[in-house]
Every structure is written in C-alpha cells, then in structure tokens.
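Residue-level listing of the chains:
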Amino acid sequence: MIGFSIKEWAAWAPGLVDHDAWRAWATAPWLPAGDDMPALAEVPAMQRRRIERLGRMAIQTACWCQQAQDSGMPLVFASRHGDVARSMELLESLAAEQPPSPTTFGLSVHNAIAALYSILRRERGNYIALAGGMATVEAACVEAAGLLADGAAEVLLVVYDAPLPAVYADFADEPDAGFAWCWRLAAADAGGPVYRLAWEPDRPGPDVATVLPHGLEVLRFFLSGEPELRLAGEGSVWRWRRDD
C-alpha cells in the first residue's frame, strides 16, 4: 500500500474548466465530449501553435498546478494512449508512400508532451512519461510515490488522454473522452487528507459498466470526497481510500 497527500489540483475537459464546475460534475458525472481546447495563455503564441489538443490539455493543467517558484519538481506524465492521432497520421503517410513529417514523428513519441512542458518551463529536473493500460493512473501514482520516498518534497502528476481514432474503435474497452488533470503530490504526513492505494489480484466476475474512463473515475473519487473506490484494471483490483 502507498499513501500521499494532494496539495493542489487542476483539471480540464470540454465544458469543465474551473474547480466549481468539476466539483458539480463529480456529484453527477457525465462523459465529456467536444472539440474545445484550453486557451493555454501561459505559453507564447509561436510555441503554442506547435502543440496539438492533447498536449494543450495536459500542459494547461500542469501550468495551473505548478507555480513559477516550483522549479525542479519531478514530473510524471501519464497517458494510456498518448497522441495516437499523430501516430495514425504517420502510418497513413507511409501507407500512401508519402514521406512522414519529421515534426509529426518528433511529437508523436510518448514523452513528447512532457518534453515540451519541460522546455517551456526550462525544467532541468527529472521527468518520466508512462503508460500502464487501464491502470495508467495507478502506475503513475506508484512512480510518484517512489520519487517521494527517494526524497522529493513534491511531485507533479499529470494524467491525460484523448478519444481513439475511429480505426481503433473495435479495441476500445472503456468509454472514450478527452481530458487532462494534474495533482501536486506530497508525502502522506504533509497535512490534509491522505490517499492510500493498494492492489490485489483480480478475480473472475461480471463486468461492471461505467460511463467514465478509468482515469476520470479516479478524479471523480477524489473530487467527491468518497471514502473508498475499487477499480479493476490490468489483472488487478485497485483499492483507493481517503483517510481524513
């Protein structure tokens, strides 16, 4: 079991921008949809033009959560699918026997959004970009807990995803949505509620339908103030608990 406190949070999805809107959503959740993008006013226009929608969502929440004086904080960027739309663009170019765009290739790799953020912020500290299937959030929290245990005062955790391209529709195993959220994590003894995470082997049983992807279900649990959440993913049952 791991534990940590959440010192600050931010989230963005179409129709959900400020804290009040997200807290209201947590009491009656719905699947965000739409093509809106955050303004990302913190980034100069010349650099902002290079950042696609998924990157804008992730970087916007990170900018809201990490203050200017927080330089050097370890960063954990977590996305189940990453910018798979760019990857599809590359594959379509190859299928059409056209040369793939070097820029599209450079920005399609899984750590590209984290790298862009570190460049924009002039961050020279540790950052990691990871994917853990349906349990991507939990894998990221384990990574962040390890960084805290190694002596980091705080860790910035950014979780983000976008709907899959239509060609992958038959492989989707959870609802699709475009969203990003960010937590600034500290050790469990830093004050405030402590969030604990444990896991155990999954046991065969009936599937439980949900209107939210795994990543948004974790955010809903955090915002709702509920004491416990159980989620299945990647052969495990993940048990979240809030201790006030």
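A. The arrangement of the packing of aromatic side chains in detail. Going through the model one piece at a time under the given rule, you end up with 13 aromatic pairs. Taking 5.1 Å as the distance between ring centres and 80 degrees as the angle between the ring planes, the aromatic pair formed by W22 and W25 counts as edge-to-face. Placement of the pair is W22 and W25 together in helix α1 (residues 19-27), with a separation of 3 residues, close to one helical turn. Considered together, W22 and W25 belong to a single accessibility category, that of buried residues. Note on W183 and W240: the rings are 6.2 Å apart at their centroids and 80 degrees apart in plane angle, and the pair reads as edge-to-face. Residue W183 is found in strand β5 (residues 179-187), and its partner W240 is found in strand β8 (residues 236-243); the two are separated by 57 residues along the sequence.

B. Structural view of the nonpolar core. Counting 43 residues, the largest nonpolar core has F4, W22, W181, W183 and W240 as the members making the most contacts within it. Ranked by residues supplied to this core, first place goes to helix α7 (residues 136-149) with 7 residues.

C. Highlighting the pairing of strand β6 (residues 194-201). Pairing of strand β1 (residues 2-12) with β6 involves 4 bridges; the strand directions are antiparallel. Paired with G3 across the two strands is R196, which belongs to β6. Sheet topology places β6 next to β8; 8 bridges connect them, and they run antiparallel. Looking at the pairing, V194 lines up with D243 of β8.

D. Molecular detail of the sheet that holds strand β3 (residues 127-130). Read across the open sheet, the 8 strands follow the order β3-β2-β4-β5-β1-β6-β8-β7; overall the sheet is mixed. Looking at which strands have only one partner, the edges of the open sheet turn out to be β3 and β7 (228-233). On average, each strand axis in the sheet is tilted by 30 degrees relative to the strand beside it, whichever way the strands run. Direction of pairing for strand β2 (residues 75-78) relative to strand β4 (residues 154-161): parallel, over a ladder of 4 bridges.

About the thresholds
Residues numbered from 1 in each chain as written. Predicted model: local features only at pLDDT ≥ 70, side-chain atom pairs only at ≥ 80, totals over all residues. Heavy atoms only, no water. Phe/Tyr/Trp six-rings, centres within 6.5 Å; stacked < 30°, edge-to-face > 60°. Helix = DSSP H or I, 4+ residues; strand = E, 2+ residues; numbered from the N terminus. Buried < 20%, exposed > 50% of the residue type's maximum accessible area, 1.4 Å probe, protein only. Core = buried A, V, L, I, M, F, W, Y, C linked by side-chain atoms within 4.5 Å. Pairing = 2+ DSSP bridges. Axes fitted to C-alpha atoms, helices over the stretch in contact; angles between N-to-C directions.

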